[in-house]
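# Chains, contacts and geometry: an overview
These are the residues of each chain, in order.
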Amino acid sequence: MALGPARAEPELVLEATRQLALLVQGGTETAAGAGVDLGGGFTSVRVAGAHGDRRDAVLAALRFLGVEGAHRLGERAAVLVALFGLSVTKRVGAAAHAAVREQRWAALQLASATSDLLGPEQLERVLELRAPESVGPFPRGAASTLAGHLSTVLGGYSRPRRLNLVISLWDHVCALVQQQQRRRRLATSQVREDRIHRLRDRYRTHFDEPMLRVLCWDVGASPTVAAAARWHPPAGWAANELGRLLQDAIAAIALLRFAKAMSDEGLEAATRTHRHELVAADFLSEEERSSAAHRSVGVYSHPARPGCYVHQLARVLSPDRTLTARTETYVKTRTAMARNYAVVVLETATGLVSDLDGRPLHSPCTNDLPWKCGELDAWRTAVGFSRTPETWEQPPLADVHAEVPVEPLARRVAEDPASREVPHDLLWLGDLADALAPFYGNDHADVQPDSSGPLVDYRTRSSRRERASLPLVVARVAQLVMFGATPPQRCVGWEELATGVGTDAVVAEASTGVFPVPPELADVDTQIAGLSVELARDPRQLADWSAYMGNCIGTMWYADEARRGLCVLAALRSPVDNHIIANVDIRRHTGGWHVHELRARFNNNVASVLEEQVKRWVESIPPVVPIGPDPLPVPPPVRTRGGAVRRSALSRFPTELVRSLIVATEQELNAEPVGPAIRAYAALAGVLDRPVRADVSEPETVIFALKRAGALAGPLRAALDAGVDAESLWRASGVRPLAAAVAKLDTGLRQRYRLQLLIDGSELPRTLGALVRRPEIAPAHALDVVGRSLRAAIGELATDDLLVRSVARNPVADLVCALIIAITCASKSTEDGTVPLTAPGKFLVPGFPVSDLSDQDGPWQRSMASATELGAPVELFWERVADHGLLAPALLLGRGGWAGLWRRAHR
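From a predicted model like this one, the values you see are computed outputs, not experimental measurements. (Residues numbered from 1 in each chain as written. Predicted model: local features only at pLDDT ≥ 70, side-chain atom pairs only at ≥ 80, totals over all residues. Heavy atoms only, no water.)

Take the overall build of the chain next. Helix and strand counts for the chain stand at 41 helices and 14 strands. Each of the three principal axes of the chain carries a C-alpha extent, and together these read 105 × 100 × 60 Å. Counting all 907 residues of the chain, 51% fall into the buried class. When contacts within the chain are restricted to residue pairs at least 6 apart in sequence, those whose partners lie at least 24 apart make up 70%. When the accessible surface of the chain is summed, it comes to about 43,100 Å², and 53% of that surface belongs to carbon and sulfur atoms. Distance between charge centroids for the chain: 4 Å, based on 102 positive and 104 negative side chains. (Helix = DSSP H or I, 4+ residues; strand = E, 2+ residues; numbered from the N terminus. Buried < 20%, exposed > 50% of the residue type's maximum accessible area, 1.4 Å probe, protein only. Contact = heavy atoms within 4.5 Å. Areas by Shrake-Rupley, 256 points an atom, 1.4 Å probe, with all protein chains shown as cover. Lys, Arg positive; Asp, Glu negative; His and termini not counted. Charge placed at Lys NZ, Arg CZ, Asp CG, Glu CD.)

Okay, structure coming up:
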C-alpha cells in the first residue's frame, strides 16, 4: 500500500498509487516493503505479516529503480545496512554501487546473502564477481532464503574457507548454466526430428537397392513374391551390408562431433580441432557418392548417406580456403542433418545385427579370410577411441572363420594388451551412440552388452541433473545438512562439498522415517484448480521438493512436525509438466482442518484464486469422529415405515450365492498366475510416492497400496525406468481372479444380481460394494481393479520411449497387438513417428506367422478387448486402417524391423 498524509490532495493520492503500481509490476510486490518514496509525502509499505524481509525488498526495488532512482529508497547508509548488516564499510558500499550501475544483480544478491558469513573485505570480492555473457546464475529466489541455506552449509567453516567455497559455488553454477545453454543451442542447430521419417525412407530405399538388384539378376527382372521368398542372398551379404553401415556410422560420428564443436565454439575452432576427423571419415568413392545423392522427383532432398556431406565439408574446409559467412551457412546446412543421419544409421545397424540372431558371418569376397573393414583401422589410426577397449564387454559377432575372436574385446585386452579391435566387436556402434547422446542432453549413451547385439539408449535423460541456479543448488545441499549430514572439513570446492554431503550415511538413515498420514487424507486423490495433490511420506521427499522450490520445507523442523503427526505436508503439481506449483502445510483445528502455510516457489505468495480454492478444499476434508476407550454401542436395526427391519446390503444376496463366490474366489487367488502377478506388482509398488516394501508373502499390502494409488501412469514409467520389464507387468495386469470367479457362477444368477458390474470396471451399487468389501473377496477385487488401472496406464504411455523400448526388448503378441491397435486408432496420419505395417485398406499383415486383421480367431481380433482396456477408440480401427494402414511406433521396430519383432513375440 501507499502510506502518506491523511489529508493529501486527490491528485497526489492518484499519483502515489500509480507509482506504487509501477513499482509492484516492475519489482514484484516484495519491493513495496522497501519504503520507496512515491512522491507527495507517500511511501510504499507492506502490511504486517507479509512474507519476505527488508533485504529482499531493497534488492527488488533496486533492480527496478537502478542507480538513477536509488535515492528514492532513503539514506544510502540505511540501504547498505539493510543489504549487508551493521558492519558494512564505505568500500563495500562503493563495490555495491558499481554492481548496481553495471546491473550485476546476481553478484549483489549473493553478497547480501553471504553478509552474515563473510567480512567486509570478503564481501568486496563477492561484489566483484562477474558472470559470463548471457549467463544468469541467480534468475529467481530470495536472498534471505539463500542466506539461511548458506549459513546451514558453511557455518562450520572458517571465513577464508567460506569465501573460497562461495566463489567456487559461483563458478559451479555459471558452468551449469553454460552447459544447459550449450545443450539447448546444440538441439536447435539440427533439423527438426519430426522430419526424420523422410530421411529414414530415403536411406532404407537406397540401402536395399543392391539386394533388390541382385535378386532381379538371380530370379528375373520382375520376381514374384514366392520367388523372392525362396531366394537366399549370397553368403557374404550380411557382412557386405554391415561394412556399408560401418562406413555410414563413422561418417555420422564425424558429422556429429563437428556439429557439436561448431555449436559450442564456432566454425573456426571446430575446423581447427575436427577437420581431420572429416578427412578420416571420407571413405565413399565418387560413384558411391553420386548414387547416394541421386534422387527421383519428390524424394527427400538430402543425400541418402552421410558420407556425401562428410566429403563436401572436408573439401570446403580445406586449409587453403578462407572461411566466410557463406562458408558458414554452407557448413551449417550440412551439419544440421548430423543427428537425423546418426539416428537412422543406428536404427538400421542395430536392426541388422539383431536379425542375424547368432548366425555366423561370411566374408563378402572369399571364405579364405574373415570379414574385415579397412576403413575402421584407418579411422582408429587417425582419431582413436572414444570408449576405451578395456571397458567394451559386448560379445563379438559370430563368424565362420576361426580367426575371429569369440571373447569380448575387454577380456582380450586384459589378457593381451596388443589385441586389436575387429569390426565384429561392434565398438563402432557404441561410439555412434555416444556421439549422438549430447544431442539429447546426455554426456554419453547407455550401452549394455547383449547376445543379440548391444542394447543402446542415447535418449533417456540422466536420473537427476542439478538445476542451474544459485538458490536451488544451495537448497539441495542445505536440506541434506538439515537431515544431519556433515559437510566435509577438507574440501577444495563446492562440487566436492556437495558430493561429501550427499554420500554421508546420516542422510540415508534420516530418510527412512515415514510420516503418518491421517485416515481422512490417506486415500486423497483429488485435483485443485487442475493441480494434483501429492502428500509427503518421508523426509527425502521433502528434500526433493525443496531442491526445486527453493524454500524451507525440507528442513528438519518440518520433517519432525510431520513425523510427529502434527501436520500434513503436500505439493500441488501441474498435470502438464509435473512441476510443483505450491507447497501447503495442513493442520488440524477444532472441527476439521485448516491451511497453516501455503507458499509458491522461492517462498512467494500463490495466486489469490488458487489460495481460496486450496482453503475451501482443506476445510471440506471431513474430520474423523474420535472413538472413546469403550466401544460405541451397536445401533438398533433401522425399521421401515411398515415396521419391518431393513436388511443390510449384503443380506440381499442368497447365502448360497455368496458362499459359492467366496469358494471360487479363494480358488482363483490360490491359482498359479497370482504369485508372479504379486511379484510384478511389488516392483511397481516400490516406486509409488509412498513406496511399499512389504514382502510378497503379504500380497494384500502391495495390492491395496496400488489400488489406493489410483492412476498408475507415473509409477509405471518410474518402474520401467528402474528396469522393470513391461512383459511381466502386462501379464500381471491380465490376472483377474474376481472376474474368473464370477465366470464360474451360474449365468442366470450373474444376470439377475448384475454380477457383471464386478468385472467391467463400472461404478458399483451399494449392494455389490458391500459384497466386494468382504475380507474373502476384497483382495481379488483389488487385483482386478489394479489390473484395469495398469492397462489404462499402459495406454497413456503407448508412445512413451521407455514403454516402447521395454516392449521391443521382450515382446508379447497380445501386448504388441493391443499397443499397435491403440496407436493406429489414435493416429490420423503417419507424421507422428509411426511406420505403416500394411498399405491403406489392406488386412494382411506381413511377418511369420502371417496374420489377418479381420480374422476373428487371429491375434488382432483377440487383442481388441485388451486395446479397449488401454483406452483405444476401437470403433475407429477399420476407418484408420482404411486411411493409413496399420501403424506401429518406429522405435518399436528399431531392432530388426516388424518381421524380427513379430517372430520374437511368437517364440
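Another point: the sheet that holds strand S1 (residues 2-3). Here we have 3 strands laid out as an open sheet, ordered S1-S3-S2, and antiparallel in their pairing. Every other strand in the sheet has two partners, leaving S1 and strand S2 (37-39) as the edge strands with one partner each. Strands in contact with helix H1 (residues 10-27) are S1, S2 and strand S3 (42-44); relative to S3, the strand with the most contacts, it is inclined by about 20°. (Pairing = 2+ DSSP bridges. Axes fitted to C-alpha atoms, helices over the stretch in contact; angles between N-to-C directions.)

This paragraph deals with the environment of Pro-846. Here Pro-846 shows up in the loop between strand S12 (844-845) and strand S13 (851-852). Note on Pro-846: relative accessible area 41%, which makes it partly exposed. Placed 52 residues apart in sequence, Pro-846 and Trp-898 show a C-alpha to C-alpha distance of 8.2 Å. Setting aside residues up to four positions removed in sequence, Pro-846 forms contacts with Leu-837, Thr-838 and Trp-898.

Considering all chains together, one arrives at 8 aromatic pairs under this definition. Ring centres 5.7 Å apart and planes at 10° place the aromatic pair Trp-860 and Trp-902 in the stacked group. Taken together, the residues Trp-860 in helix H38 (residues 859-862) and Trp-902 in helix H41 (residues 897-905) connect sequence positions 42 residues apart. Per residue, the accessibility class of Trp-860 equals that of Trp-902, and both read buried. Here a set of aromatic residues connected by ring pairs shows up, and it is made of Phe-843, Phe-877 and Trp-878. When the ring centre of Tyr-330 is taken as reference, the NZ or CZ atom of Arg-334 above it lies at 3.6 Å. In this arrangement the basic side chain of Arg-791 is found over the ring face of Trp-730, its NZ or CZ atom lying 3.7 Å from the centre. (Phe/Tyr/Trp six-rings, centres within 6.5 Å; stacked < 30°, edge-to-face > 60°. Lys NZ or Arg CZ within 6 Å of the ring centre and 35° of its normal.)

Sheets are built from strands paired through backbone hydrogen bonds, the pairs being either parallel or antiparallel. Read across the sheet, 5 strands follow the order S6-S7-S8-S9-S10 without closing on themselves; strand pairing throughout is antiparallel. Sheet topology places strand S6 (527-528) and strand S10 (592-600) at the edges, where each strand pairs with a single neighbour. Note that strand S9 (residues 580-589) and S10 share 8 bridges and pair antiparallel. Bridged to Arg-588 within S10 is Trp-593. This element, helix H24 (residues 539-549), spans strand S7 (531-535), strand S8 (568-573), S9 and S10 of the sheet and lies at about 130° to S9. Across the sheet, helix H26 (residues 608-619) touches S6, S7, S8, S9 and S10, and the angle it forms with S10 is around 155°.

Moving on: the nonpolar core. By size, the foremost hydrophobic cluster in this structure holds 73 residues, and its most contacted members are Leu-242, Leu-432 and Tyr-458. For this core, the element with the most residues is helix H11 (residues 237-265), which contributes 16 residues. If near-sequence neighbours (up to four positions away) are discounted, Tyr-458 is found in contact with Val-343, Leu-346, Ala-433, Leu-436, Ala-437, Tyr-440, Asn-442 and Ala-445. Counting residues in hydrophobic clusters, the runner-up holds 69 residues, among them Ala-57, Ala-106, Val-153 and Trp-494. (Core = buried A, V, L, I, M, F, W, Y, C linked by side-chain atoms within 4.5 Å.)

What follows covers the packing of helix H16 (residues 338-356) against helix H19 (residues 427-436). Between H16 and H19, the shortest axis-to-axis distance is 10 Å and the interhelical angle comes to 150°. Between H16 and H19, the interaxial angle falls into the category roughly antiparallel. For the element pair H16 and H19, the recorded crossing hand is left-handed. Contacts between H16 and H19 involve Arg-339, Ala-342, Val-343, Val-345, Leu-346, Ala-349 and Thr-350 from the former and Trp-428, Leu-429, Leu-432, Ala-433 and Leu-436 from the latter. For the contact of H16 with H19, the residue count by class is 10 nonpolar, 1 polar and 1 charged. (Parallel < 35°, antiparallel > 145°, perpendicular 65-115°, else oblique. Left-handed = near helix turned anticlockwise from the far one by under 90°. Nonpolar A, V, L, I, M, F, W, Y, C, P; charged D, E, K, R; others polar.)

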